[in-house]
Every structure is written in structure tokens, then in C-alpha cells.
Amino acid sequence: MVNLKEKPFNLNEEELSWVNETISSMTEDEKIGQLFINLTLQRDEESLSKLINEYHIGGVRWQGGTLEEIYEQNKYFQEHSKVPVLIAANTEAGGNGAVSEGTMVASGAACGAAKTDSVVRAMASVGADEASAIGCNWAFAPVCDVVTNWRNTIVNTRAFGDDPKLVADRSLAYMDEYTKRGIACAAKHFPGDGSEERDQHLVMGCNDLSTDEWDESYGYVYKSLIDAGLDSIMVGHICQKAYSRKFRPDIKDSEIMPATLSKELLQDLLREQLGFNGLIVTDATHMVGLTAAMPRKDYIPGVIAAGCDMILFFNDPSEDIDYIRQALRNGTISKERLDDAVLRILGLKAKLGLNNMKFPEKEGLSVVGCDEHHKKAEMAADESITLVKDTQNILPLDPSTKKNLRLYFIESAPVSLLNGADKAKAMLVKELEDAGFNVTAPKDYYELEMEKQSPFNKFRVMGHEGREQFKENTDVVLFVVNMKGYAQTNNVRLCYDASHSAQNPWFAGEVPTIAVSLNYTNHLYDIPMMKTYINAYGDSKEYLHALVEKLTGKSEFKGTANDLVWCGRWDTRL
């Protein structure tokens, strides 16, 4: 039986009484409903009512919606649910992880690049305040993965870095800011992403460290957080073969499961060895890292039987609930295992004060995207942007002597041409012009297609002007990469808009060229010819403004880079 008097719950008698009275009054279906976190896309009253009155959901996360729509949705859940719900958001970089109007302050990589924890505390405090304003009480963060494989782009920018002590320190600072504001954290992705390059949206991840290596890295981070009172852990669809073999010496390779389905990783490693008593939640159950393991009718009850307490996202609610119901009938899930999971869910709700919950007033929405929060984003950008190398000694740039600047902006292919061009490009052009540069920014293939679709656009972006004319008209090239994405390819690399495109860095040998990444930190692998390279970590107004300030010497570069930026190559350092 779960001891809710112990860490991390630390419930008092009144809170314990509420938990015990609540679980005693529940029907089996109400208990089963508590296991599920719904991804809410429909916000009409009929849909919301069905979720709480028919499916009895224990938690909610959502996708899309305006600030007011999300506020009203969350208010409806809390005011109409028999048992208040856990309301979660992916606030990994600030309030923008809760709602689109929220403030992006700093990615995990930016927090790790800063010399102190001031940036992560700014990011966490803004995220917590803005999430709290719309009724959130649970953060699916911090991302406490340790990135040791430079090819990994799943958590490259989301994690704090490659040093376990740094990752632990930044994660603890993040958790501290949320705890102060009464919001629970779900550290992720146990047993740890970042040591390989594959995406668990597409394939089961494999953390291939030895048990000793794991103890010194991921184990150190998780133990630090657990000892500090971590409320919950999100488990990834990632196996840890060494520990599965340690606890089950006779296990066959075909029996190695992702941690979400692995009793030895959840019970022997996480519960027993690391001493974690808090709530365990799965990562999203539509990810192929889980779905490839077995049919849904087996893995939905399987994750609960293995030791997870909550399931992230329905597929078909009535179907998924029936899978759990059948598992209780055939003994796959014992009644004791179900009650333990529900006790932890209720225990976390009691710890967060949901037994006496008052939904925040609507006036509090004014904090979302407020000036004070954008000031914190400015500070974060200033502290984190990193000059990785400048072996040609071109910086700082003086617009009076290097006035004519050619901007090549490399972006990810848009989901739809109707989305328009990457907004960061226009913002950057304005910042550069305001700084005194005469900017030429050629249109890329996607922009040409947005103007007029034509099979000849692929050829239009191949055009090269004469070298001597180019040198006469261009003092410096700014080569900016803003690649993003996951759940489509196992890792994201620099990709030009067309084959033989004029974006291809032919110009690096003609005029001084500066490369900047606005997202991933590992692009030097694909552009080692760049003698000046900057990791800027963000494409918001604050980051673009700070970037130009640093390019022109009005502000110093303060961020630091780890060795992963060199991508294991000698030529990237030249």
C-alpha cells in the first residue's frame, strides 16, 4: 500500500482523510477513469461533460486554443468534476508551452549555456506563473535527459546539456520555482533520452549505457530530484537493456521492453533502488516506441500492470477503458495495483490542494505575455547566446564598414504553404536594418511557392550571380539556420530548400560568412567550412534582437558551449 505520509506527498490528516473518503466512494469505472489523461481538442460543453461524467478522467492536457478558450475549458473541468483533475502543460521553455500567447523565455539548451541558474529560474518562474493563470497544476518538465550523442535532436535543445551535475542543478532550480508556486513537476524521460539519436515517436528508444554509466549520469540526476521531493516522473518508451538484464538475468532480447512496460525498470530500479514513491505517468501512448511492442489492448493495461500510475492520452476512450476493465477481470491488473495507482493520483491532487481547490480569477490572465515576462526573456537571451567559434576574427561587425549584408535564411519546410514564411526571417531583417545594415535577403523556394506555385521555382533558387559582382555588392553573409521538427524523422539535420540551391554555402570562400543557429546546436557537422558560428537558441524577438546586439559588439557573448557542438569532428573546429 502507498504511504502518502511520506515524500513526496507528505499529506496531513485532513488531506489523507479526503483521499481515503474519495477512493472509498469511487466505483470501479471511476477509478479506471482516474488513470487517464485526455488530450483535449474539442471544447464544446457536450464533449467536456462526457469526459468528466462518463469517462471520469483524472487529468487533462490540450492542443491549440486561445488564452480565453483554454481558461474556460480548464475552469469547466474543475467546476464540474466530481474529483478535481490534474491539468498539465509542456512548459519546457516558458509559458508558451501552456498557451500560444505565453512567453518563450529560454530552451533547455539556452539554460544550460548560461553561466548561472538565473536563466532557468526566469524560464521556470514565467512558465509557472502563466500556466497557473489558466488553471494548470502540473508541468510535464523539467526535461532532465543527459545529451551525450550529438546526433540526437529529440532533446538537443530541450535538455540542459551533457554534464549530469549541470543537468541536475538546472532541473532542481526549475523544480524549485514550480514548487514555490504549488505546481507539480513530472521530470522526463525516464530512463533517459539523449544517449542515442532515435525518436520514440517512431521507434523504441534504447539507452545503451552500462549500469555503472547509467548510475553516474541519468541515475545521478533522478536520484538528486527524488531526494529533493520530485512529485512525478514521465516514463519514456525507452529500454535500458543493462538494467533489464541485471534484474532479470534470464531475459531474452525479444523480451526487452520500453520502460513503460518494464516491471524491472519501474519497480526494481525506479521504486526500489532509487526510492521513488511519487506518481509515474507514461509518455504519449500513440508513440511507436510503445505501439510496436504489442497491440493496444495489451499495452494499455500493460503499462499499469508494470507500475505506471497514469496513461497519457486516450485513443478511443470507451475502448481504452474497456481494455483496463477486461484486465481487471482476467487478472492482468490486480485490484491492489489499481488502488495503488489511484491513491498516488489522489495523493498528488491532495498535495496540490485540489481537495479545497479554487479556480484562479480571470483577471489573472493579464500576467500571460506581460512586459515583465518579456524582460526576463531579454535577460535569458543576453545570458545564453553563445559564440562557438570565430577563427576568422570577424566579430564584432561594424555596419559602417561592412554595410552590405546578404542574409541566407534556411528554414524547415512549412507544414502548409498557407502558413506563410518563417516569421523569424522578417523580424531578423528588421533588426539588422535597424542596426544599420543594408540587407539583401533572397527568397527561398517556399516563399516563391507561396507567391506562385510553379515547377520552375526549383530552378529559380539555383541561380548564382557572377562572383566578382557578388563580392562587389556583398561585405558579409549571414547564414541563419532555423531547422525544427520531430515525429517525422529520427533526427533533424540541415536541409536546403532545393538541390543545388543558392543557399548552399558556395559564398563561404568568397566573402566573410557568419553562421547562426536559432535552434539545434549541432549544425557545424553540416557546415564545418563556417569560420564563425553562433548558437542563438531562439527565434523570438528577444533572441533576434540580442543576436544582432552581439554581432555588432553592443553586447558581449556570455553563453558557453559543451564539446557536443564539435560533433566529434576535427574540421568543425577550424
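Scroll up for the structure.
Remember, it's a predicted structure, so these values are computed and weren't measured experimentally.

Definitions and cut-offs
- Starting from 1, residues in each chain are numbered consecutively following that chain's sequence as written.
- The predicted origin of the model limits local features to residues at a pLDDT of at least 70 and limits the giving and counting of side-chain atom pairs to 80 or more, whereas totals for whole chains, interfaces and linings rest on all residues.
- In computing side-chain properties, one takes all heavy atoms of the structure into account and sets aside hydrogens as well as water.
- Here the term cavity refers to a set of points on a 1 Å grid, laid over the protein atoms alone, in which a 1.4 Å probe fits but cannot get out; the term pocket refers to an open set having protein on both sides within 12 Å along at least five of seven lines, with lining residues being those that place an atom within 4 Å of a point.
- Grid points are joined across faces, edges and corners, and a volume is the space filled by probe spheres set on the points.
- Secondary structure elements follow DSSP: runs of H or I of four or more residues count as helices, runs of E of two or more count as strands, with numbering from the N terminus.
- In this classification, the charged set is Asp, Glu, Lys and Arg, the nonpolar set is Ala, Val, Leu, Ile, Met, Phe, Trp, Tyr, Cys and Pro, and all remaining amino acids, among them Gly, are polar.
- Here the term buried applies to any residue with accessible area under 20% of the maximum for its type, exposed to any over 50%, and partly exposed to those in between, with areas from a 1.4 Å probe on protein chains only.
- A pair of strands is labelled paired if DSSP reports no fewer than 2 bridges between them.
- A crossover counts as right-handed when, viewed with the strands pointing away from the observer, the path leading from the first strand over the helix to the second turns clockwise.
- Side-chain atoms within 4.5 Å link the members of a nonpolar core, which is a set of buried Ala, Val, Leu, Ile, Met, Phe, Trp, Tyr and Cys residues.
- Only heavy atoms matter for contacts: two residues are in contact if any of them lie within 4.5 Å across the pair.
- Each axis is a line fitted through C-alpha atoms, taken for helices only over the stretch in contact, and angles between the N-to-C directions span 0 to 180 degrees.
- Orientation categories follow fixed angle ranges, with anything under 35 degrees roughly parallel, anything over 145 roughly antiparallel, 65 to 115 roughly perpendicular, and all other angles oblique.
- Handedness of a helix crossing follows the sense of rotation of the near helix relative to the far helix, less than a right angle counterclockwise being left-handed and clockwise being right-handed.

Take the layout of surface pockets next. Remark: the empty space left among the atoms is shown by a probe the size of a water molecule rolled over them. The volume enclosed by the second largest pocket comes to roughly 320 Å³. The wall of the second largest pocket is formed by 14 residues, among which Asn38, Leu39, Gln42, Leu51 and Pro317 lie closest to the centre. Counting residues per element, the ones that place at least two in the lining of the second largest pocket are strand 1 (36-40) and helix 3 (45-53). Partitioned by chemical class, the residues of the lining of the second largest pocket number seven nonpolar, six polar and one charged.

Attention shifts here to the pairing of strand 5 (residues 184-190). When you tally the buried positions in strand 5, you get seven out of seven residues, the bulk of the element. Bridge count between strand 4 (residues 138-139) and strand 5: two bridges; the pairing is parallel. By the bridge assignment for strand 5, Ala139 is matched with Cys185. In this region the chain leaves strand 4, passes through helix 7 (residues 164-180) and returns to the parallel neighbour strand 5; the handedness of that crossover is right-handed.

This next bit is on the nonpolar core. Core analysis: the biggest nonpolar cluster contains 161 residues, and Ile134, Trp138, Ile324, Leu478 and Ile514 have the highest contact counts within it. For this core, the element with the most residues is helix 6 (residues 118-133), which contributes nine residues. Counting residues in each nonpolar core, the second largest holds 22 residues, with Tyr408, Val492, Phe507 and Val511 among its members.

The strand order around the closed barrel built from eight strands is 1-2-3-4-5-7-9-10, with neighbouring strands paired in parallel fashion. Bridge analysis of strand 1 against strand 2 (residues 59-62) gives four bridges, and the strand direction is parallel. Counted as the bridge partner of Asn38 is Val60 from strand 2. Together, strand 5 and strand 7 (232-235) form the strand contacts of helix 8 (residues 211-227), whose direction differs from that of strand 5 by roughly 170°.

As a further point, take the sheet that holds strand 13 (residues 438-440). Taken together, six strands build an open sheet; the order of strands is 11-16-15-14-12-13 and the sheet is mixed. The open sheet has two free edges, formed respectively by strand 11 (386-390) and strand 13, since each of these has just one partner strand. Each strand of the sheet is rotated relative to its neighbour by a mean of 20°, with strand direction disregarded. As judged from the seven bridges shared by strand 12 (residues 404-411) and strand 14 (residues 476-482), these two strands associate in the parallel manner. The residue of strand 14 that forms the bridge with Phe409 is Val480. Lying on the sheet, helix 16 (residues 423-434) is in contact with strand 12, strand 13 and strand 14; it crosses strand 12 at an angle near 160°.

Where helix 1 (residues 13-24) contacts helix 14 (residues 335-351), the two axes come as close as 10 Å, and the packing angle between them is 140°. Considered as vectors, helix 1 and helix 14 are oriented oblique to each other. In this structure, helix 1 meets helix 14 at a crossing whose hand is right-handed. Residues Glu15, Trp18, Val19, Asn20, Thr22 and Ile23 of helix 1 form the contact with helix 14, whose own contacting residues are Asp339, Val342, Leu343, Leu346, Gly347, Lys349 and Ala350. Class assignment of the residues belonging to the contact of helix 1 with helix 14 gives a composition of seven nonpolar, three polar and three charged.

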